[in-house]
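Summary of structural features
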Amino acid sequence: MKVVETELKGCFIIEPKVYEDSRGFFMETYNLKSFQEQIGYKPEFVQDNLSKSSFGVIRGLHQQLPPFAQAKLVYVLEGKVLDVAVDVRENSETYGQHIAVELSSENKKQLFIPKGFLHGFSVLSETVIFAYKCEGFYNKESEFGINPLDETLNINWGIEKGKEILSDKDRTSISFNQLTNKNL
């Protein structure tokens, strides 16, 4: 696998080795030993999640607060998304900055998002099936989010303005400027 650290320390783009022939392809989506050797971190993934969404859907920006914070390894099984990670680690040199990476079933890229980041994605294909490996179990009481259309973050989700589809929860989430040391 090829691993590239992004400008946000600890956040990595992963390109698994893909073996293709006339029958299709094979790839290893996760290998603890390779992951640890290349990234220098040994995650304890305990939960796998899948979501299916339609074009224009934006899911995020979400995270779980400590002590239930989650690192995530995300990738697309079918379709295409713009995947976004926002650094909200206290005292980080890149606090408030984000990266946006296209993940698709064609490019087979993955994104590792460490604890301390908000995460979200927009659906750029007709539909998408999106996979998450999570470090730490889901804990409803520790859910936290920022409105993904927040003007301060100025994220270009690749969806025409006014055509974005958000949950009520995401649409009414606080702005980035309202974020005040919520033990992130």
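That block above? That's the structure.
Attention in this report is confined to the structure presented alongside it. (Residues numbered from 1 in each chain as written. Predicted model: local features only at pLDDT ≥ 70, side-chain atom pairs only at ≥ 80, totals over all residues. Heavy atoms only, no water.)

**Comments concerning the overall build of the chain**
- Helix and strand content of the chain: two helices and 13 strands.
- In terms of overall dimensions, the chain is globule-like: its C-alpha atoms have a radius of gyration of 16 Å, near the 16 Å expected for 184 residues.
- Per-residue burial over the chain gives 47% buried out of 184 residues.
- Taking the intrachain contacts of the chain between residues at least 6 apart in sequence as the baseline, contacts between residues at least 24 apart amount to 78%.
- A total of about 10200 Å² of accessible surface is found on the chain, and carbon and sulfur atoms cover 47% of it.
- Separation between the mean location of the 21 positive side-chain charges and that of the 26 negative ones in the chain comes to 3 Å. (Helix = DSSP H or I, 4+ residues; strand = E, 2+ residues; numbered from the N terminus. Rg over C-alpha atoms; globule rule 2.2 N^0.38 Å. Buried < 20%, exposed > 50% of the residue type's maximum accessible area, 1.4 Å probe, protein only. Contact = heavy atoms within 4.5 Å. Areas by Shrake-Rupley, 256 points an atom, 1.4 Å probe, with all protein chains shown as cover. Lys, Arg positive; Asp, Glu negative; His and termini not counted. Charge placed at Lys NZ, Arg CZ, Asp CG, Glu CD.)

**Concerning the nonpolar core**
- Among the nonpolar cores identified, the biggest contains 20 residues, and Cys-11, Leu-103, Leu-111 and Phe-130 are the most heavily contacted of them.
- Contributing elements (two or more residues each) for this core: strand E7 (72-78), strand E8 (80-87), strand E9 (98-104), strand E10 (110-113), strand E11 (117-123) and strand E12 (127-135).
- With four residues, the single largest contributor to this core is E12.
- Excluding residues that lie within four positions of it along the chain, Phe-130 makes contacts with Asn-49, Leu-50, Ser-51, Val-74, Tyr-75, Val-76, Val-81, Asp-83, Leu-103, His-119 and Phe-121.
- In this structure, Leu-61, Leu-65, Val-84 and Leu-118 belong to the second largest nonpolar core, which totals 15 residues. (Core = buried A, V, L, I, M, F, W, Y, C linked by side-chain atoms within 4.5 Å.)

**Describing the packing of aromatic side chains**
- As enumerated under the stated definition, the model contains nine aromatic pairs in all.
- Plain terms: the ring middles of Tyr-30 and Phe-35 are 5.7 Å apart, the flat faces sit at 55° to each other, and that makes the pair tilted.
- For Tyr-30, a relative accessible area of 24% puts it in the partly exposed group.
- Judged by centre distance (6.2 Å) and plane angle (75°), the rings of Phe-35 and Phe-45 are edge-to-face. Within this pair, whereas Phe-35 is found in helix H1 (residues 32-39), its partner Phe-45 is found in strand E5 (residues 45-54), the two being separated by 10 residues in sequence. Judged on exposure class, the residue Phe-35 and its partner Phe-45 are both buried.
- Among the aromatic residues, those joined into a ring-pair cluster are Tyr-30, Phe-35, Tyr-41, Phe-45 and Phe-112. (Phe/Tyr/Trp six-rings, centres within 6.5 Å; stacked < 30°, edge-to-face > 60°.)

Any functional reading would require information beyond the geometric quantities listed.
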